[in-house]
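For reference, the chains in residue letters:
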Amino acid sequence: MVALLQKAVEVLIEQSVLQSEWIPDISVERTRDAQHGNFASNLAMMLAKSAKKSPRQLAEVIITALPEDASVEKVEIAGPGFINFFVNPNSQHEIIADVLRLGASFGKSNIGAGQKIQVEFVSANPTGPLHVGHGRGAVYGSVISELLRAVGYDVANEYYVNDAGRQMDILATSVWLRYLECCGQTFQFPSNGYKGAYVKDIARQFFDRINQDFCFVATEVYDGVPVDEPQGGDKEQHIDGLIIKAQALLGRERYAQIFQEGLTAILADIRADLSAFGVDYQHWFFESLLVEDGSIEDALERLDKAGHLYKKEGATWFASSALGDEKDRVVVRDNGQTTYFASDIAYHMNKLDRGFDERIINVWGADHHGYIPRVRAAMTALGANSDKLDVLLVQFAVLYRGDEKVQMSTRSGDFVTLRHLCDEVGLDAARFFYVMRKSDQHLDFDLKLATSKTNDNPVFYVQYAYARICSVLRQREEKGLSRNSQQGLDNSALLSTDHEISLVGLLARYPEVVERSALKYEPHHLVHFLRDLANYFHTYYNAEQFLVDDAKLRDVRMNLIEAVQQCLANGLALLGVSCPEAM
RNA sequence: GCGCUUGUAGCUCAGCUGGAUAGAGCAUCGGCCUUCUAAGCCGAGGGUCGCAGGUUCGAAUCCUGCCAAGCGUACCA
């Protein structure tokens with residue numbers, strides 16, 4: 001359509017009706033209302049002022065200059081000056097043949113041309129099992145990856161494991177303290193320690209294997225440690241004191257062993273949960289690697305050479321405010337320790353060095369939004385184009401059970417784990433619900449609704465459409481009715497009801513929906529599309545009989561619903577949701 | 001205080017980068033099963049698109065100012 005208008009415009013420029021400098025980007029949009037044809041252009045309205053003609057008059061002129069095209073049935077002027085294109089229905093029907101021929105490839109494209117993209121998501125600290133808050137990022141990241149692959153990008157998923165830093169020391173110490181309980185010691189567990197039952201499990205298993213080798217008397221452990229908050233002290237100082245004590249009493253080797261014990265157990269748990277959730281990674285990247293191989297020093301040196309670092313009050317600062325951040329940031333504390341941000345700078349440098357220099361995607365919790373400018377600044381300072389970094393924010397989901405809000409408290413360790421969620425609502429509903437809404441919006445996740453196997457569950461609505469089609473196709477065979485796909489394609493003109501025309505029209509839009517969802521990182525468009533497609537199908541199903549006596553008509557309809565089936569399957573596959581053949 | 005994000009039907013949300021009469025689901029009400037799965041379909045009601053200005057042929061969409069909510073504003077990770 002754009003090409004047709006382009007030609008018309010060229011003709012009119014030659015005739016001096018228009019001048020080339022007036023011509024905007026010619027856009028053609030799909031119409032919302034079938035009365036307005038299939039496509040519409042606002043070109044005449046855009047040009048009206050410059051051409052000093054009324055939009056409708058100008059539209060008239062443009063239309064007469066339009067070249068003939070077989071796929072266009074008619075062109076009309078409507079409203080304030082829209083040019084509406086009505087597509088020849090027979091050319092629309094070709095989509096059915098396309099879908100059946102392409103099968104699982106229908107909707108895929110090569111827009112990405114094999115460009116490398118790295119998608120990093122979840123990256124939760126390995127200090128406990130994943131909870132429902134992580135689920136949304138997990139599904140969002142994996143669906144984005146699948147979508148980008150579908151449009152031709154070479155996508156690598158990565159999980160950044162924060163296995164260095166204070167939180168991990170708190171975990172190791174928590175495991176040790178629980179282990180001491182296994183040894184029969186009694187004491188007040190620190191209020192800032194990890195209190196979840198999983199820590200006890202890890203400690204118990206460790207105790208069963210190691211027995212008493214790591215055991216110390218509680219009074220010795222707590223001797224000289226600042227008191228905890230409930231006793232009027234500071235919980236941070238208390239836990240830090242315990243960490244130092246653990247390291248001192250156990251010695252380097254044994255401390256490392258118990259540290260490793262907690263880390264591997266929890267990481268195995270996280271991997272298993274994600275895998276069960278349909279999320280798989282190409283690469284697990286460990287923060288400790290950056291510490292060990294000197295990447296952090298390298299990164300800081302690079303920033304320093306480029307003149308981005310300075311010293312103040314004993315600390316080393318990164319002058320990020322010169323690069324768009326609100327203020328400068330500390331990278332080396334006055335005690336000589338590097339900050340988490342320093343690791344992140346090194347990590348991003350590492351990503352660039354590994355060849356992900358075209359596009360890097362980070363999926364973060366929305367509460368980290370303030371962190372974006374400083375990472376962008378770091379990218380720029382490292383000599384990369386910070387536009388290559390896309391940070392996608394995911395808002396937390398709020399769990400409901402019916403009208404009742406489900407309370408989540410990480411501190412007490414009594415949060416809802418991702419595994420619980422999957423057990424309760426199932427993989428399909430969980431994934432579907434998480435990507436149903438725009439990711440940067442709050443999501444109300446209703447457990448009751450997701451588990452309901454009745455009227456109002458959107459997952460089942462879509463799956464039901466698929467199952468119904470399967471059922472019809474099965475019964476065609478069981479009843480011994482003939483099927484000739486080619487005959488169906490040859491007679492596509494028999495598709496004449498409004499339901500059939502809109503269904504065919506919607507199928508044709510699927511590839512653009514995939515493209516849009518992928519390029520804008522908005523999987524919810526795909527979800528909405530699938531709901532619409534299921535809706536159109538259910539309507540059609542109720543309005544027409546498919547297994548009719550007329551063999552030609554039957555073949556045509558079999559082809560149409562099989563194409564719908566294929567499209568639903570392709571879409572659900574991208575979401576990682578299953579297609580049950582019967583419900 | 002400053003920054004980011006958000007405000008659309010009773011509720012939960014779409015709204016395709018400025019288009020035509022603002023759309024779904026849930027909830028409410030009324031219809032449709034002797035024929036391919038009623039986990040479905042059809043219909044009805046329900047809106048000052050937070051408020052007020054501005055930009056233009058045209059604004060839920062862009063700009064400004066208010067109002068309200070969430071998040072962020074560490075030598076934490």
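Keep in mind that this is a model prediction, so the values were computed, not measured.

Asks: Let's hear about the overall build of chain A: which residues, and what values?
Replies: A count of helical and extended segments in chain A gives 22 helices and 15 strands. Once the C-alpha set of chain A is aligned to its principal axes, its extents read approximately 90 × 65 × 40 Å. Per-residue burial for chain A yields a buried fraction of 51% across its 583 residues. Long-range pairs, those at least 24 residues apart, make up 71% of the contacts in chain A with a sequence separation of at least 6. Total accessible area computed for chain A in this model is approximately 27,100 Å², and 47% of it derives from carbon and sulfur atoms. Here chain A contributes 58 positive and 79 negative side-chain charges, whose respective centroids are spaced 2 Å apart.

Asks: So what about the side chain of Arg374? Which residues, and what values?
Replies: Here Arg374 lies in helix H14 (residues 372-381). Although Arg374 is buried, it makes no salt bridge; Asp325 carries the closest opposite charge, 4.4 Å away. Residues within four places of Arg374 in sequence aside, it is in contact with Phe318, Asp325, Arg329 and Phe341.

Asks: Provide a residue-level description of the confidence of the model for chain A, including the pertinent values.
Replies: Across chain A, the average pLDDT comes to 90, with 97% of residues at 70 or higher. Here the prediction assigns the complex a pTM of 0.93, and the interface score ipTM is 0.95.

Asks: For the protein's contact with RNA strand B, give the residues involved together with the corresponding values.
Replies: Contacts to RNA strand B come from 62 residues, most closely from Arg333, Tyr461, Tyr464, Tyr541 and Glu544. Backbone atoms, meaning sugar plus phosphate, form 63% of the atoms of RNA strand B positioned within 4 Å of the protein. Measuring from a base nitrogen of RNA strand B, one finds a side-chain N or O atom of Asn42 at 3.0 Å. Tyr461 places a polar side-chain atom, nitrogen or oxygen, 2.4 Å from a phosphate oxygen of RNA strand B. Broken down by secondary-structure element, the contributors of at least two residues to the surface near RNA strand B are helix H2 (43-51), strand S4 (82-87), helix H18 (458-478), helix H20 (498-519) and helix H21 (524-543). Element by element, the count of residues in the surface near RNA strand B is highest for H21, at nine residues. Residues belonging to the surface near RNA strand B are distributed by class as follows: 21 nonpolar, 22 polar and 19 charged.

Asks: Explain the nonpolar core to me, and be specific about the residues and the numbers.
Replies: When a protein is soluble and globular, its nonpolar side chains tend to lie buried together. Core analysis: the biggest nonpolar cluster contains 133 residues, and Tyr159, Trp176, Tyr179, Leu274, Leu421 and Tyr434 have the highest contact counts within it. Sort the elements by how many residues they give to this core and helix H10 (residues 235-276) lands first, with 14 residues. Other than its neighbours up to four places away in sequence, Leu274 contacts Val122, Leu130, Ala138, Tyr159, Val279, Tyr281 and Trp284.

Asks: Describe the side chain of Asp555, naming the residues involved and giving the relevant values.
Replies: Structurally, Asp555 can be placed in helix H22 (residues 551-575). In contact with Asp555, not counting residues within four places along its chain, are Ser482, Arg483, Asn484, Gln487 and Gly488.

Asks: Lay out the pattern of salt bridges with the relevant residues and their values.
Replies: Evaluated as defined, the whole model comprises 20 salt bridges. Close ionic contact of Glu146 with Arg149 constitutes a salt bridge, the shortest N to O distance being 2.8 Å. With a gap of three residues between them, Glu146 and Arg149 both fall in helix H6 (residues 132-150), about one helical turn apart. Relative accessible area serves as the criterion here: at 34%, Glu146 is assigned to the partly exposed category. Here the residues in one salt-bridge network are Arg166, Glu236 and Asp240, joined through shared partners.

Reading the values: the criteria
- Residues numbered from 1 in each chain as written.
- Chains lettered and ligands numbered in written order.
- Predicted model: local features only at pLDDT ≥ 70, side-chain atom pairs only at ≥ 80, totals over all residues.
- Heavy atoms only, no water.
- Helix = DSSP H or I, 4+ residues; strand = E, 2+ residues; numbered from the N terminus.
- Buried < 20%, exposed > 50% of the residue type's maximum accessible area, 1.4 Å probe, protein only.
- Contact = heavy atoms within 4.5 Å.
- Areas by Shrake-Rupley, 256 points an atom, 1.4 Å probe, with all protein chains shown as cover.
- Lys, Arg positive; Asp, Glu negative; His and termini not counted.
- Charge placed at Lys NZ, Arg CZ, Asp CG, Glu CD.
- Salt bridge = Lys/Arg side-chain N within 4 Å of Asp/Glu carboxyl O.
- pLDDT = per-residue confidence, 0-100.
- Near = heavy atom within 4 Å.
- Polar contact = N/O pair within 3.5 Å; in protein donor to acceptor, adjacent residues only side chain to side chain.
- Nonpolar A, V, L, I, M, F, W, Y, C, P; charged D, E, K, R; others polar.
- Core = buried A, V, L, I, M, F, W, Y, C linked by side-chain atoms within 4.5 Å.

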